[in-house]
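Residue-level listing of the chains:
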Amino acid sequence: MRTAFTTLAISTMATFALGAQAEAQTIRLAHVDPDDWQNSKKGAAAQIFKRIVEGQSDMEVEIFPAGSLGDETELVSQAQDGLTQMILVSGAMSQACPAASVLDIPYTFSSAPLAWEVLDGPFGDALAEHCLEETGLRTLAYGETGFRNFTNSEREIRTPEDMAGLKFRVQELPLYIEMVEALGGEPTPIAWTELPNALSTGVVDGQENPVGVIYNNGLHTLQDFMTLDGHVYAADFYLVSDEFYQSLDPTQQEVVRNAAQIAATMGRAIQQWTTANGITAVQEEGMQVYAPTSEEIQAFADAAQPAVIEYLRAELGDDAQWIDRLRQAVDDAGGAASGEVSGD
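Parameters at a glance
By convention here, each chain's residues receive numbers from 1 onward along its written sequence. Predicted model: local features are reported for residues with pLDDT of at least 70 only, side-chain atom pairs are reported and counted for 80 or more only, and whole-chain, interface and lining totals are derived from all residues. Side-chain figures throughout are based on the complete set of non-hydrogen atoms in the structure, without hydrogens or water. Only protein chains enter the calculation, and the probe is 1.4 Å; a residue is then buried if its accessible area is under 20% of its type maximum, exposed if over 50%, and partly exposed in between. Numbering of helices and strands runs from the N terminus; a helix is a DSSP stretch of H or I covering at least four residues, while a strand is a stretch of E covering at least two. We call two strands paired when DSSP finds no fewer than two bridges between them. Axis geometry follows a simple rule: fit a line to the C-alpha atoms, using only the stretch in contact for helices, then measure angles between N-to-C directions, giving values from 0 to 180 degrees. Helix crossings get a hand from a simple test, with the near helix turned counterclockwise from the far one by less than a right angle marking a left-handed crossing and a clockwise turn marking a right-handed one. In what follows, a contact means two residues having at least one pair of non-hydrogen atoms within 4.5 Å. Throughout this entry, Asp, Glu, Lys and Arg are counted as charged residues, while Ala, Val, Leu, Ile, Met, Phe, Trp, Tyr, Cys and Pro are counted as nonpolar. The remaining residues, Gly among them, count as polar. Residues form patches when they are more than 30% accessible in relative terms and have no salt bridge. Like charges link within 9 Å. Nonpolar side chains (Val, Leu, Ile, Met, Phe, Trp, Tyr) link within 5 Å. All accessible areas in this document rest on Shrake-Rupley with a 1.4 Å probe, and a residue is counted as covered only by the protein chains that are shown. Counted as salt bridges are all cases of a side-chain nitrogen of Lys or Arg within 4 Å of a carboxyl oxygen of Asp or Glu. As used throughout, the charge tally considers Lys and Arg to be positive and Asp and Glu to be negative, leaving His and the chain termini uncounted. In plain terms, the charge of a residue is placed at NZ if it is Lys, CZ if Arg, CG if Asp and CD if Glu. Along the arc lie the directions from the helix axis toward the C-beta atoms. Think of a polar contact as two N or O atoms within 3.5 Å of one another; within protein, one of them needs to be a possible hydrogen donor and the other a possible acceptor, and neighboring residues in sequence only count if both atoms come from side chains. Disulfides are defined in this document as cysteine sulfur pairs within 2.5 Å.

A description of the pairing of strand β4 (residues 137-152) should follow, citing residues and the corresponding values.
Within β4, 14 of the 16 residues are buried, which leaves the element mostly enclosed by the surrounding structure. As defined by bridge partners, β4 adjoins strand β8 (residues 225-241) across 13 bridges and the pair is classed as antiparallel. Across the sheet, Y142 pairs through a bridge with F237, a residue of β8. Summarising the sheet, β4 and strand β7 (residues 206-210) pair through five bridges and their orientation is antiparallel. Bridge assignment links N152 to a residue of β7, and that residue is G206.

Structure representation (C-alpha coordinates):
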(Lines give C-alpha, C1' and ligand atoms only; values in the text may rest on other atoms or scores of the structure.)
Protein backbone atom coordinates (compact mmCIF):
# COMPACT_ATOMS: atom_id res chain seq x y z
CA MET A 1 0.00 0.00 0.00
CA ARG A 2 1.39 3.36 -1.01
CA THR A 3 1.80 5.64 2.01
CA ALA A 4 1.59 9.41 1.96
CA PHE A 5 5.35 9.50 2.61
CA THR A 6 6.04 7.27 -0.41
CA THR A 7 3.82 9.38 -2.62
CA LEU A 8 5.58 12.53 -1.47
CA ALA A 9 9.00 11.01 -2.11
CA ILE A 10 8.05 9.92 -5.63
CA SER A 11 6.61 13.34 -6.35
CA THR A 12 9.75 15.02 -5.06
CA MET A 13 12.00 12.79 -7.19
CA ALA A 14 9.90 13.47 -10.28
CA THR A 15 10.07 17.20 -9.66
CA PHE A 16 13.85 16.99 -9.20
CA ALA A 17 14.21 15.05 -12.45
CA LEU A 18 12.13 17.58 -14.37
CA GLY A 19 14.20 20.38 -12.86
CA ALA A 20 17.43 18.69 -13.94
CA GLN A 21 16.08 18.33 -17.47
CA ALA A 22 15.08 21.99 -17.51
CA GLU A 23 18.60 22.97 -16.48
CA ALA A 24 20.27 20.96 -19.25
CA GLN A 25 21.90 23.32 -21.74
CA THR A 26 22.31 23.10 -25.51
CA ILE A 27 25.19 24.94 -27.13
CA ARG A 28 24.67 25.87 -30.77
CA LEU A 29 28.20 26.20 -32.22
CA ALA A 30 28.69 27.68 -35.70
CA HIS A 31 31.64 28.29 -38.02
CA VAL A 32 32.32 28.71 -41.74
CA ASP A 33 34.89 25.97 -42.37
CA PRO A 34 34.24 22.41 -43.61
CA ASP A 35 33.22 19.81 -41.06
CA ASP A 36 36.40 17.81 -41.65
CA TRP A 37 38.64 17.21 -38.66
CA GLN A 38 41.64 16.10 -40.74
CA ASN A 39 41.97 19.23 -42.87
CA SER A 40 39.73 21.87 -41.31
CA LYS A 41 41.01 23.67 -38.23
CA LYS A 42 37.58 24.89 -37.17
CA GLY A 43 36.02 21.56 -38.11
CA ALA A 44 38.46 19.68 -35.87
CA ALA A 45 38.09 22.19 -33.05
CA ALA A 46 34.30 22.05 -33.11
CA GLN A 47 34.19 18.27 -33.04
CA ILE A 48 36.60 17.82 -30.14
CA PHE A 49 34.81 20.62 -28.23
CA LYS A 50 31.53 18.74 -28.67
CA ARG A 51 32.95 15.44 -27.49
CA ILE A 52 34.58 16.91 -24.40
CA VAL A 53 31.56 18.95 -23.33
CA GLU A 54 29.09 16.12 -23.87
CA GLY A 55 31.41 13.60 -22.21
CA GLN A 56 32.01 15.70 -19.10
CA SER A 57 28.63 17.35 -18.54
CA ASP A 58 24.91 17.08 -19.24
CA MET A 59 25.20 19.78 -21.92
CA GLU A 60 24.69 19.07 -25.60
CA VAL A 61 26.51 20.69 -28.52
CA GLU A 62 24.94 21.15 -31.96
CA ILE A 63 27.50 22.01 -34.67
CA PHE A 64 26.58 24.16 -37.68
CA PRO A 65 29.63 24.06 -40.01
CA ALA A 66 30.48 25.33 -43.48
CA GLY A 67 28.64 28.64 -43.19
CA SER A 68 25.28 26.92 -42.84
CA LEU A 69 24.09 29.77 -40.59
CA GLY A 70 25.79 32.55 -42.58
CA ASP A 71 29.14 34.24 -43.03
CA GLU A 72 31.36 35.28 -40.13
CA THR A 73 29.82 38.73 -39.78
CA GLU A 74 26.37 37.17 -39.56
CA LEU A 75 27.62 34.64 -37.01
CA VAL A 76 28.89 37.42 -34.75
CA SER A 77 25.49 39.15 -34.89
CA GLN A 78 23.68 35.90 -34.18
CA ALA A 79 25.83 35.21 -31.13
CA GLN A 80 25.23 38.73 -29.84
CA ASP A 81 21.49 38.25 -30.33
CA GLY A 82 21.53 34.88 -28.55
CA LEU A 83 20.54 32.87 -31.63
CA THR A 84 23.74 30.86 -31.26
CA GLN A 85 25.76 30.35 -28.13
CA MET A 86 29.26 29.82 -29.51
CA ILE A 87 31.08 30.75 -32.72
CA LEU A 88 34.55 30.30 -34.19
CA VAL A 89 35.51 33.32 -36.31
CA SER A 90 38.62 35.12 -37.50
CA GLY A 91 38.51 38.36 -39.53
CA ALA A 92 34.99 39.34 -38.49
CA MET A 93 36.13 39.92 -34.92
CA SER A 94 38.00 43.09 -35.88
CA GLN A 95 34.75 44.51 -37.26
CA ALA A 96 32.94 43.88 -33.98
CA CYS A 97 35.91 44.80 -31.78
CA PRO A 98 38.20 47.20 -33.72
CA ALA A 99 41.10 46.77 -31.27
CA ALA A 100 41.46 43.18 -32.52
CA SER A 101 42.60 44.58 -35.89
CA VAL A 102 46.06 45.30 -34.44
CA LEU A 103 46.76 41.58 -34.82
CA ASP A 104 46.69 42.17 -38.59
CA ILE A 105 49.63 44.61 -38.53
CA PRO A 106 51.92 42.98 -41.11
CA TYR A 107 55.08 41.18 -40.06
CA THR A 108 54.29 41.43 -36.33
CA PHE A 109 54.94 37.77 -35.55
CA SER A 110 58.05 35.97 -36.77
CA SER A 111 56.69 32.52 -35.87
CA ALA A 112 53.55 30.73 -34.75
CA PRO A 113 54.98 29.88 -31.29
CA LEU A 114 55.65 33.58 -30.73
CA ALA A 115 52.06 34.41 -31.66
CA TRP A 116 50.78 31.69 -29.31
CA GLU A 117 52.82 33.05 -26.42
CA VAL A 118 51.48 36.55 -26.95
CA LEU A 119 47.85 35.51 -27.41
CA ASP A 120 47.87 33.01 -24.55
CA GLY A 121 49.52 35.51 -22.19
CA PRO A 122 48.58 38.81 -20.52
CA PHE A 123 48.10 40.65 -23.82
CA GLY A 124 45.61 38.09 -25.11
CA ASP A 125 43.76 38.13 -21.79
CA ALA A 126 43.54 41.93 -21.82
CA LEU A 127 42.35 42.02 -25.44
CA ALA A 128 39.73 39.38 -24.64
CA GLU A 129 38.44 41.42 -21.70
CA HIS A 130 38.29 44.57 -23.84
CA CYS A 131 36.42 42.79 -26.63
CA LEU A 132 34.01 41.29 -24.09
CA GLU A 133 33.08 44.80 -22.98
CA GLU A 134 32.73 45.91 -26.61
CA THR A 135 30.71 42.98 -27.93
CA GLY A 136 29.21 40.92 -25.12
CA LEU A 137 31.15 37.94 -26.49
CA ARG A 138 33.67 36.17 -24.28
CA THR A 139 36.89 34.92 -25.89
CA LEU A 140 37.44 31.44 -24.46
CA ALA A 141 40.60 30.75 -26.50
CA TYR A 142 42.57 31.77 -29.56
CA GLY A 143 42.91 29.38 -32.44
CA GLU A 144 44.79 29.83 -35.67
CA THR A 145 43.99 30.49 -39.30
CA GLY A 146 47.67 30.72 -40.15
CA PHE A 147 50.19 32.99 -41.81
CA ARG A 148 49.10 34.61 -45.05
CA ASN A 149 51.43 34.49 -48.06
CA PHE A 150 51.53 36.01 -51.54
CA THR A 151 51.15 34.00 -54.76
CA ASN A 152 51.17 35.19 -58.36
CA SER A 153 51.41 33.97 -61.92
CA GLU A 154 54.03 36.39 -63.25
CA ARG A 155 57.33 36.15 -61.35
CA GLU A 156 59.10 35.16 -58.18
CA ILE A 157 58.80 37.74 -55.40
CA ARG A 158 61.84 38.24 -53.20
CA THR A 159 61.60 41.97 -52.47
CA PRO A 160 58.84 44.61 -52.36
CA GLU A 161 60.18 45.89 -55.68
CA ASP A 162 59.17 42.59 -57.25
CA MET A 163 55.52 43.35 -56.49
CA ALA A 164 55.47 46.50 -58.59
CA GLY A 165 52.76 46.47 -61.24
CA LEU A 166 51.18 43.21 -60.06
CA LYS A 167 47.47 43.16 -59.25
CA PHE A 168 46.67 41.23 -56.06
CA ARG A 169 43.25 40.17 -54.94
CA VAL A 170 42.71 41.24 -51.34
CA GLN A 171 39.86 41.04 -48.88
CA GLU A 172 37.53 44.01 -48.89
CA LEU A 173 39.31 45.45 -45.84
CA PRO A 174 41.15 48.81 -45.88
CA LEU A 175 44.06 47.42 -43.88
CA TYR A 176 44.92 44.91 -46.62
CA ILE A 177 44.56 47.55 -49.31
CA GLU A 178 46.97 49.81 -47.43
CA MET A 179 49.44 46.95 -47.01
CA VAL A 180 49.59 45.89 -50.67
CA GLU A 181 49.80 49.50 -51.87
CA ALA A 182 52.69 50.15 -49.48
CA LEU A 183 54.49 47.09 -50.85
CA GLY A 184 54.15 48.41 -54.40
CA GLY A 185 51.41 46.10 -55.64
CA GLU A 186 47.97 47.01 -56.92
CA PRO A 187 45.30 45.81 -54.44
CA THR A 188 42.03 44.66 -55.99
CA PRO A 189 39.20 43.83 -53.56
CA ILE A 190 37.32 40.79 -54.85
CA ALA A 191 34.86 38.49 -53.10
CA TRP A 192 36.27 35.10 -52.15
CA THR A 193 33.77 33.24 -54.35
CA GLU A 194 34.93 35.19 -57.40
CA LEU A 195 38.66 34.65 -56.84
CA PRO A 196 39.23 31.50 -58.98
CA ASN A 197 37.62 33.14 -61.99
CA ALA A 198 39.56 36.37 -61.42
CA LEU A 199 42.84 34.41 -61.41
CA SER A 200 41.86 32.31 -64.43
CA THR A 201 40.89 35.29 -66.55
CA GLY A 202 43.79 37.52 -65.51
CA VAL A 203 41.66 40.11 -63.74
CA VAL A 204 44.32 39.82 -61.02
CA ASP A 205 47.84 38.41 -61.16
CA GLY A 206 47.95 37.10 -57.62
CA GLN A 207 46.36 36.78 -54.21
CA GLU A 208 47.27 36.19 -50.57
CA ASN A 209 46.09 33.47 -48.19
CA PRO A 210 47.38 30.82 -45.79
CA VAL A 211 49.07 27.86 -47.49
CA GLY A 212 46.35 25.43 -46.44
CA VAL A 213 43.67 27.62 -48.01
CA ILE A 214 45.69 27.96 -51.20
CA TYR A 215 46.22 24.22 -51.54
CA ASN A 216 42.85 22.93 -50.34
CA ASN A 217 41.03 25.26 -52.73
CA GLY A 218 43.24 24.51 -55.72
CA LEU A 219 44.52 28.07 -56.07
CA HIS A 220 48.03 26.72 -56.64
CA THR A 221 46.83 25.30 -59.96
CA LEU A 222 46.12 28.86 -61.10
CA GLN A 223 49.38 30.37 -59.83
CA ASP A 224 53.05 29.66 -60.52
CA PHE A 225 54.84 31.32 -57.61
CA MET A 226 54.45 31.47 -53.85
CA THR A 227 56.45 33.61 -51.43
CA LEU A 228 56.38 32.48 -47.80
CA ASP A 229 56.57 36.00 -46.39
CA GLY A 230 53.93 35.33 -43.70
CA HIS A 231 52.79 38.95 -43.79
CA VAL A 232 49.83 38.48 -41.44
CA TYR A 233 49.26 35.89 -38.72
CA ALA A 234 45.51 35.32 -38.63
CA ALA A 235 43.99 34.21 -35.33
CA ASP A 236 40.70 32.44 -34.73
CA PHE A 237 38.52 33.68 -31.89
CA TYR A 238 36.60 31.03 -29.92
CA LEU A 239 33.66 33.10 -28.72
CA VAL A 240 30.72 32.39 -26.43
CA SER A 241 27.79 34.63 -25.64
CA ASP A 242 28.59 35.99 -22.20
CA GLU A 243 24.90 36.06 -21.31
CA PHE A 244 24.73 32.36 -22.00
CA TYR A 245 28.04 31.71 -20.24
CA GLN A 246 26.83 33.46 -17.10
CA SER A 247 23.71 31.27 -17.11
CA LEU A 248 25.89 28.19 -16.62
CA ASP A 249 26.83 26.94 -13.19
CA PRO A 250 30.54 27.07 -12.21
CA THR A 251 31.13 23.42 -13.10
CA GLN A 252 29.61 23.85 -16.55
CA GLN A 253 31.65 27.01 -17.12
CA GLU A 254 34.84 25.15 -16.27
CA VAL A 255 33.98 22.35 -18.70
CA VAL A 256 33.32 24.87 -21.49
CA ARG A 257 36.53 26.81 -20.80
CA ASN A 258 38.70 23.70 -20.70
CA ALA A 259 37.08 22.23 -23.81
CA ALA A 260 37.65 25.48 -25.72
CA GLN A 261 41.34 25.55 -24.74
CA ILE A 262 41.82 21.97 -25.92
CA ALA A 263 39.85 22.68 -29.10
CA ALA A 264 42.04 25.68 -29.87
CA THR A 265 45.16 23.56 -29.44
CA MET A 266 43.67 20.98 -31.78
CA GLY A 267 42.81 23.67 -34.31
CA ARG A 268 46.34 25.04 -34.21
CA ALA A 269 47.77 21.56 -34.75
CA ILE A 270 45.55 20.91 -37.76
CA GLN A 271 46.48 24.31 -39.19
CA GLN A 272 50.18 23.55 -38.80
CA TRP A 273 49.64 20.22 -40.54
CA THR A 274 47.79 21.76 -43.49
CA THR A 275 50.57 24.34 -43.86
CA ALA A 276 53.42 21.83 -43.80
CA ASN A 277 51.56 19.41 -46.03
CA GLY A 278 50.47 22.19 -48.37
CA ILE A 279 53.98 23.54 -48.96
CA THR A 280 55.22 20.10 -49.98
CA ALA A 281 52.15 19.35 -52.07
CA VAL A 282 52.17 22.55 -54.14
CA GLN A 283 55.86 22.07 -54.89
CA GLU A 284 55.24 18.49 -56.02
CA GLU A 285 52.55 19.81 -58.33
CA GLY A 286 54.89 22.33 -59.95
CA MET A 287 54.56 25.54 -57.97
CA GLN A 288 57.77 27.44 -57.19
CA VAL A 289 57.98 28.31 -53.49
CA TYR A 290 60.41 30.86 -52.10
CA ALA A 291 61.19 31.41 -48.39
CA PRO A 292 62.61 34.93 -47.88
CA THR A 293 65.60 35.50 -45.62
CA SER A 294 65.21 37.49 -42.40
CA GLU A 295 66.79 40.50 -44.14
CA GLU A 296 64.27 40.25 -46.98
CA ILE A 297 61.38 39.99 -44.52
CA GLN A 298 62.70 43.12 -42.82
CA ALA A 299 62.54 44.96 -46.13
CA PHE A 300 58.88 43.93 -46.54
CA ALA A 301 58.13 45.05 -42.97
CA ASP A 302 59.86 48.40 -43.43
CA ALA A 303 57.74 49.04 -46.52
CA ALA A 304 54.37 47.82 -45.21
CA GLN A 305 54.13 48.69 -41.54
CA PRO A 306 54.26 52.51 -41.52
CA ALA A 307 51.25 52.93 -43.83
CA VAL A 308 49.19 50.30 -42.03
CA ILE A 309 49.99 51.70 -38.58
CA GLU A 310 49.19 55.24 -39.69
CA TYR A 311 45.84 54.01 -40.99
CA LEU A 312 45.10 52.08 -37.78
CA ARG A 313 46.02 54.96 -35.48
CA ALA A 314 43.57 57.20 -37.33
CA GLU A 315 40.84 54.54 -37.32
CA LEU A 316 41.19 53.31 -33.75
CA GLY A 317 41.40 56.63 -31.92
CA ASP A 318 41.73 55.85 -28.20
CA ASP A 319 42.05 52.15 -29.03
CA ALA A 320 45.31 52.90 -30.86
CA GLN A 321 46.99 52.12 -27.52
CA TRP A 322 46.62 48.45 -28.49
CA ILE A 323 49.25 48.95 -31.19
CA ASP A 324 51.85 49.79 -28.57
CA ARG A 325 50.61 47.14 -26.16
CA LEU A 326 51.06 44.52 -28.87
CA ARG A 327 54.61 45.66 -29.57
CA GLN A 328 55.43 45.45 -25.87
CA ALA A 329 53.89 41.98 -25.62
CA VAL A 330 55.98 40.74 -28.55
CA ASP A 331 59.11 42.16 -26.93
CA ASP A 332 58.21 40.61 -23.57
CA ALA A 333 57.74 37.25 -25.26
CA GLY A 334 61.33 37.39 -26.45
CA GLY A 335 60.47 37.99 -30.07
CA ALA A 336 61.30 40.94 -32.22
CA ALA A 337 58.47 41.97 -34.46
CA SER A 338 59.85 43.02 -37.81
CA GLY A 339 59.82 46.74 -38.34
CA GLU A 340 58.68 49.34 -35.85
CA VAL A 341 55.18 48.42 -34.75
CA SER A 342 54.91 51.40 -32.44
CA GLY A 343 55.88 53.91 -35.13
CA ASP A 344 53.66 56.82 -36.03
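I'd like a rundown of the packing of helix α7 (residues 174-182) against helix α12 (residues 294-316), residues and numbers included.
For the pair α7 and α12, interaxial distance at closest approach is 8 Å and the crossing angle is 150°. Crossing geometry of α7 relative to α12 is assigned as right-handed. Here P174, L175, E178, M179 and A182 of α7 come into contact with α12, specifically with A303, A304, A307, V308, Y311 and L312. Of the residues assigned to the contact of α7 with α12, the class counts are 10 nonpolar, no polar and one charged.

Before we move on, could you go through a negative patch on the surface and cite the residues and values that matter?
A contiguous patch of negative charge, built from D58, E60, E62 and D249, is present on the exposed surface. Here E62 shows up in strand β2 (residues 60-64). Given a relative accessible area of 35%, E62 falls into the partly exposed group.

Describe helix α3 (residues 72-80), listing the residues and the values that go with them.
Considered for burial, the residues of α3 that qualify are E72, L75, V76, Q78 and A79. Along α3, the residues classed as buried sweep out an arc of 165° about the axis, all on the same side. On its buried face, α3 is in contact with β1 (26-30), α2 (41-56), β3 (86-89), α4 (93-96), β4 and β8. The backbone nitrogen of T73 lies 3.2 Å from a side-chain oxygen of the residue at the head of α3, namely D71. Positive phi shows up at G82, right after α3, with a value of about 80°.

A description of the state of the cysteines should follow, citing residues and the corresponding values.
This model, assessed by the stated rule, comprises one disulfide. The partner cysteine of C97 in its disulfide is C131, sulfur to sulfur 2.2 Å. Looking along the S-S bond of the C97-C131 disulfide, the torsion reads about -80°, which is the left-handed sense. Of this pair, C97 sits in the loop between α4 and α5 (112-119) while C131 sits in helix α6 (residues 122-135), and the two are 34 residues apart along the sequence. The exposure class assigned to C97 is buried, which follows from its relative accessible area of 0%.

Purely geometric stuff here, so don't read any function into it on its own.
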